[in-house]
Amino acid sequence: MDLNTITAVAHPQTRAQLPVWTAGDAWLAGGTWLFSEPQVHLRRLIDLADLKWPALTITDSHLSIAATCTIAELDGLACPPDWLAAPLVGQCCRAFLASFKIWKTATVGGNLCMSLPAGPMISLTSALGGVCTIWKADGGEQEIPVVDLVTGNQRNRLSPGDLIRQIDIPIAALRRRSAFRQISLAPVGRSAALLIGSLDPDGALTLTVTASTVRPIQLTFRKAPDANALRDAITRQITDDLYHTDIHGKPLWRKHMTLRLAEEIRGELAAGAPS
């Protein structure tokens, strides 16, 4: 869609060249949502392409994902064999309600910024303990865990002018055994529940609930719980008001599927089945 209210496009090449944020500005990365509907309140786009951030960087301790990394780039990452959680990357990429054309343009950071309950990059990075580096509008920097970044349906902790620079995922998280479950009302519909479980070498279980809830919710257990303990923890920590509702699923059904998929994950990890 043409954005016919835009009067200027900035092309910064360094952080120092980022213009002062003003009302009517918008960051432009993939733009798949930005150009999908009228944006009559916008006057200027700040194009991030010329910053040329490396899409993916692997260090001894972290996988760093640039906010401008596309879904196609992430899906194409060749993961080391000891990254037992590597299948989650492809599983979450395929949880998008999007075509291959969108994959080549949509960005990881854009998915986080949209903060939709069904955002699969939110699911992936929060489940793997991802931490966002935020370039603050005032010139400072802040680190926020992804699980804390999103606060509700299309709500997050970013202030106007804040920019996600990257998401760092600990290598230790990528080496954990994991299990993935996702369900939609339609065969290729938006996720109504997307749960990821991961198991530490010492037996601690982390369960991350997304899509069925308005924000990511993470439950941790020092040792793998039995079925009753898991169900009780979910019921206690995810109150009914936290379940999302829209045409893709009502809260009661989403709650039911959350409990069912969580038990499937518990059973898979407890049995040592491949992730």
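Report on the accompanying structure. Keep in mind the model is a prediction, meaning the values are calculated, not measured.

1. Thoughts on the pattern of salt bridges
On inspection of all chains with the given rule, the structure shows twelve salt bridges. A salt bridge links Arg176 to Asp200; its shortest N-O distance comes to 2.6 Å. Taken as a pair, Arg176 in the loop between helix 7 (171–174) and strand 11 (177–184) and Asp200 in the loop between strand 12 (191–199) and strand 13 (205–210) lie far apart in primary sequence, 24 residues in all. For Arg176, a relative accessible area of 21% puts it in the partly exposed group. On the basis of relative accessible area, Asp200 is assigned to the partly exposed category, the value being 21%. Here the salt bridges do not stand alone but share partners, grouping Arg181, Arg260, Glu264 and Glu268 into one network.

2. Notes on the nonpolar core
Counting residues in hydrophobic clusters, the biggest one holds 52 residues, and the most contacted among them are Leu74, Val108, Leu112 and Met121. With residues up to four places along the chain from it excluded, the contact list for Met121 reads Ile71, Leu74, Cys92, Cys93, Phe96, Val108, Asn111 and Leu112.

3. Comments concerning the sheet that holds strand 12
Sheet architecture is open: four strands sit in the order 11-12-13-14, paired in antiparallel fashion. Only two strands of the sheet have a single partner each, and these edge strands are strand 11 and strand 14 (217–221). Taken over all neighbouring pairs, the strand axes of this sheet differ in orientation by 10 degrees on average, direction set aside. Strand direction decides the pairing type here: strand 11 and strand 12, joined by eight bridges, are antiparallel. Each residue of the ladder has a partner; that of Ser184, found in strand 12, is Ser191.

Calculation criteria
- Residues numbered from 1 in each chain as written.
- Predicted model: local features only at pLDDT ≥ 70, side-chain atom pairs only at ≥ 80, totals over all residues.
- Heavy atoms only, no water.
- Salt bridge = Lys/Arg side-chain N within 4 Å of Asp/Glu carboxyl O.
- Helix = DSSP H or I, 4+ residues; strand = E, 2+ residues; numbered from the N terminus.
- Buried < 20%, exposed > 50% of the residue type's maximum accessible area, 1.4 Å probe, protein only.
- Core = buried A, V, L, I, M, F, W, Y, C linked by side-chain atoms within 4.5 Å.
- Contact = heavy atoms within 4.5 Å.
- Pairing = 2+ DSSP bridges.
- Axes fitted to C-alpha atoms, helices over the stretch in contact; angles between N-to-C directions.

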